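What follows is each chain in one-letter form.
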Amino acid sequence: QVQLVESGGGLVQAGGSLRLSCAVSGRTFSRNTRGWFRQAPGKERETVATIGGSGSNTYYADSVKGRFTSSRDNAKNTLSLQMNSPKPKDTAVYYCAARGGSYGFSTTSSSFDYWGQGTQVTVSS
């Protein structure tokens, strides 16, 4: 089975920085599209960032563009999200995910097949 495990969540001061990591294991292609998603209380899950197999094709939600950066290390099979200048509105459970049978670039959560358990990020003002 494919497993994804997020780490790095926690409390952070607004304007600070936080780095989330996702370790991927199991029978999956290291080049498949992966992404970061989040869900705040009472809100629908939303796409934060997605990144293609080579790392060159990326997508960022308008709400985080310029502040968050997604990257991947295919050799280590890891995914990262650098969160700079986080805001209280960024408070949510963050999930990493990977596509399965299809490997084309995608920005929608419904196209991702494997999901981590999530890590809480709380931004205080």
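This report concerns the structure included in the present document. (Residues numbered from 1 in each chain as written. Predicted model: local features only at pLDDT ≥ 70, side-chain atom pairs only at ≥ 80, totals over all residues. Heavy atoms only, no water.)

A few words now on unusual backbone geometry. Peptide bonds are mostly trans, and most non-glycine residues show a negative phi. Although it is not a glycine, N77 sits at a positive phi angle of roughly 60 degrees. The topology assignment puts N77 in the loop between β7 (68-73) and β8 (78-84). Taking the relative accessible area as the measure of exposure, N77 reaches 14% and is therefore buried. Unusually for a residue other than glycine, S85 sits at a positive phi of about 50 degrees. Secondary-structure assignment places S85 in the loop between β8 and β9 (92-98). (Helix = DSSP H or I, 4+ residues; strand = E, 2+ residues; numbered from the N terminus. Buried < 20%, exposed > 50% of the residue type's maximum accessible area, 1.4 Å probe, protein only.)

All right, on to the nonpolar core then. Of all hydrophobic cores here, the largest spans 24 residues; its most connected members are L20, W36, V48, L81, M83 and Y94. If you list the elements that add at least two residues to this core, you get β3 (17-25), β5 (46-51), β8, β9 and β11 (119-124). Setting aside its immediate chain neighbours within four residues, L81 contacts L18, R19, L20, W36, V48, A49, F68, T69, S70 and Y94. (Core = buried A, V, L, I, M, F, W, Y, C linked by side-chain atoms within 4.5 Å. Contact = heavy atoms within 4.5 Å.)

The next subject is the state of the cysteines. Overall, the coordinates contain 1 disulfide when judged by the stated rule. The disulfide partner of C22 is C96, and the gap between their sulfur atoms is 2.1 Å. When the S-S torsion is 65 degrees, as for the bridge of C22 with C96, the disulfide is right-handed. Here C96 lies in strand β9 and C22 lies in strand β3, a separation of 74 residues in the sequence. Using a relative accessible area of 0% as the deciding quantity, one classes C96 as buried. (Disulfide = S-S within 2.5 Å.)

In this section: the sheet that holds β3. With antiparallel pairing, 4 strands are arranged side by side in an open sheet as β1-β3-β8-β7. Each edge of the sheet is formed by a strand with only one pairing partner; in this case those strands are β1 (3-7) and β7. Between one strand and the next, the sheet's axes are offset by a mean angle of 15 degrees, whatever the strand orientation. Here β1 pairs with β3 via 5 bridges, running antiparallel. (Pairing = 2+ DSSP bridges. Axes fitted to C-alpha atoms, helices over the stretch in contact; angles between N-to-C directions.)

Our focus in this paragraph is the side chain of R99. Relative to the helices and strands, R99 resides in the loop between β9 and β10 (114-115). One buried charge, R99, has no salt-bridge partner; the nearest side chain with opposite charge is D113, at 5.2 Å. (Lys, Arg positive; Asp, Glu negative; His and termini not counted. Salt bridge = Lys/Arg side-chain N within 4 Å of Asp/Glu carboxyl O.)

Tallied over the entire structure, the rule returns 4 salt bridges. With its nearest N and O atoms 2.7 Å apart, the salt bridge here joins E46 to R38. Judged by relative accessible area, E46 falls into the partly exposed class, the value being 35%. A salt bridge links D90 to K89; the nearest nitrogen and oxygen atoms lie 3.9 Å apart. Overall, D90 belongs to the buried group, its relative accessible area being 0%. K89 sits in the partly exposed class, given a relative accessible area of 47%.

Function cannot be read off these values alone, since they describe shape.
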